[in-house]
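# Summary of structural features
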Amino acid sequence: MASGLGVALFSSAVFGLSGSFAKALLETGWTPGAAVTARLTGAALILAIPAIPALRGRWHQLKDNWLTILLFGLVGVAACQLFYFNAVSRLSVGVALLLEYLAPVIIVLWLWAASRKRPRPLTIAGTLLSLGGLVLVLDLTGAVKIDVIGVLWGMAAAVCLAIYFFITARENDTLPPIVLASGGLLTGAVVMWLAAASGLLPMAFSTADTRLGLWVTPWWVALGGLVVLATVLAYVSGIMAARALGSKVASFVSLTEVLFAVIWAWLLLGELPGPVQLLGGLLIVGGVVLVRVDELRTPGPRGAALLPPALDHANDVEPVP
């Protein structure tokens, strides 16, 4: 349990780097679509190196798990990011990100409806506490203009993120995490290139130097960090964490990505977090602790405190339709 939680926090920390690296590129003329496409393409090519040997003598696993790979790439990678960027085009980044991170609430409600068993009070309290902390971390102050279509795009991204956690938490298949990550990212990259070719996603690149903290670096330094740290290591460790903790707990731990993103932005971009954001980070951690404590309260299989016998393990959820 401790190792799974540590891996999940590490995944959130490296995922949190993506905003700083991406912003460094965007400030030099890159479009969001170009940054995302380069991120997925580079990561897919890198992960293919260890993924191919991992499949030696077991290539049938691709055939057996093709639906999982396809759903992971289409929904968890390409669609989630594409919907998020569509939301950002109509809403502020903070509001769009807040909507996307409603995924844990969607997971709780889905398991509640599927099992017909109301979550324990601690789980409900942890949900509300984490979302309240997320609002504080994002520091959504002042009047915010809400666009209905933008809100729908943000909710679509949240649904995709929830499905991503369900897909990556499956233990009943034999597909190695490195293969799932490589295949999913490759699928997502192909979808992004097709979206760009159709004109849905504007693409613009730049070779101008980027600024990270006190250093002025070549553009490929920021891109390399975005690909290697914020994608390759992040996705692989995220899959491992979801399989170790289960979809619901992993999804709540992932909320700390926002806190890590604020810290990295402070160190690399000079965006100093305020007291309200620090308080929000504490609330997020508190919410995660409540959910985790509630899961461990009842002796028996992992997740018995949260789920009925039919869904004792978060990893045993039914395949995504």
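Please read these numbers as outputs of a predicted model, since none were measured by experiment. All residue numbers here refer to positions counted from 1 along the written sequence of the relevant chain. Only residues with pLDDT of 70 or above have their local features reported here, since the model is predicted, and side-chain atom pairs are shown and tallied only from 80 upward, although totals for entire chains, interfaces and linings are computed over all residues. Each side-chain value is worked out from all heavy atoms of the structure, with water and hydrogens disregarded.

### Side note on the overall build of the chain
What counts is decided by this rule: For the purposes of this entry, the term helix denotes a DSSP run of H or I that reaches at least four residues, the term strand denotes a run of E that reaches at least two, and both are numbered from the N terminus. Only protein chains enter the accessibility calculation, which uses a 1.4 Å probe; a residue is then buried when its area is under 20% of its type maximum, exposed when over 50%, and partly exposed in between. Here the accessible surface of atoms and residues is derived via Shrake-Rupley with a 1.4 Å probe, and residues count as covered only by protein chains that are part of the display.
Scanning the chain for helices and strands turns up 14 helices and two strands. Considering the chain as a whole, with its 321 residues, one finds that 52% of them fall into the buried category. Just so you have it, the chain exposes about 14400 Å², and 72% of that area is on carbon and sulfur atoms.

### A closer look at the packing of helix α3 (residues 32–54) against helix α11 (residues 219–245)
Heads up, the rule is: Inter-axis angles, ranging from 0 to 180 degrees, are taken between N-to-C directions of lines fitted to C-alpha atoms, where helices are fitted over the stretch in contact. Angles are sorted into four bins: roughly parallel if under 35 degrees, roughly antiparallel if over 145, roughly perpendicular if 65 to 115, and oblique for all others. Here a crossing is called left-handed whenever its near helix is offset anticlockwise from the far helix by less than a right angle, and right-handed whenever the offset is clockwise. Throughout, a residue-residue contact means that at least one pair of heavy atoms, one from each residue, lies within 4.5 Å.
Viewed as axis vectors pointing N to C, α3 and α11 meet at an angle of 60°, and their least axial separation amounts to 9 Å. What the angle tells us is that α3 and α11 run oblique. Crossing geometry of α3 relative to α11 is assigned as right-handed. Only Leu223, Leu226, Val227, Val228, Ala230, Thr231, Val232 and Val236 of α11 make contact with α3, whose side of the interface consists of Ala35, Ala38, Arg39, Gly42, Ala43, Ile46 and Leu47.

### Comments concerning the nonpolar core
Applicable threshold: Put simply, buried Ala, Val, Leu, Ile, Met, Phe, Trp, Tyr and Cys residues joined by side-chain atoms within 4.5 Å make one nonpolar core.
Core analysis: the biggest nonpolar cluster contains 79 residues, and Phe72, Leu185 and Tyr235 have the highest contact counts within it. Top contributing element to this core by residue count: α11, with 13 residues.

### Quick look at helix α10 (residues 177–197)
What sets the pattern is the α-helix's 3.6 residues per turn: residues three or four places apart point alike. Which entries qualify depends on this criterion: A helix is expected to reach a length of 1.5 Å times the quantity of its residues less one.
The end-to-end C-alpha separation of α10 is 30 Å, in line with the 30 Å expected for 21 residues at 1.5 Å each. Positive phi appears at Gly199, one or two residues downstream of α10, with a value of about 90°.

### Looking at a nonpolar patch on the surface
This is how the line gets drawn: For patch detection, residues must exceed 30% relative accessible area and be free of salt bridges, and they are connected within 9 Å for like charges or within 5 Å for nonpolar side chains (Val, Leu, Ile, Met, Phe, Trp, Tyr). The working definition used for a salt bridge is a side-chain nitrogen of Lys or Arg within 4 Å of a carboxyl oxygen of Asp or Glu.
Together, Phe10, Ile46, Val228, Leu229 and Leu233 make up an exposed nonpolar region whose accessible area comes to about 370 Å². In terms of residue count, the dominant contributor to the nonpolar patch is α11 (three residues). Take Phe10: it is sitting in helix α1 (residues 2–15). Overall, the relative accessible area of 41% leaves Phe10 in the partly exposed class.

### Structural notes on the packing of α3 against α10
In the contact formed by α3 and α10, the axes pass within 7 Å of each other and the chain directions differ by 145°. Considering how the two elements wind past one another, α3 and α10 form a crossing that is left-handed. Contact residues: Val36, Thr37, Leu40, Thr41, Ala43, Ala44, Leu47, Ala48, Pro50, Ala51 and Ala54 in α3; Ile178, Val179, Ala181, Ser182, Leu185, Leu186, Gly188, Ala189, Met192 and Trp193 in α10.

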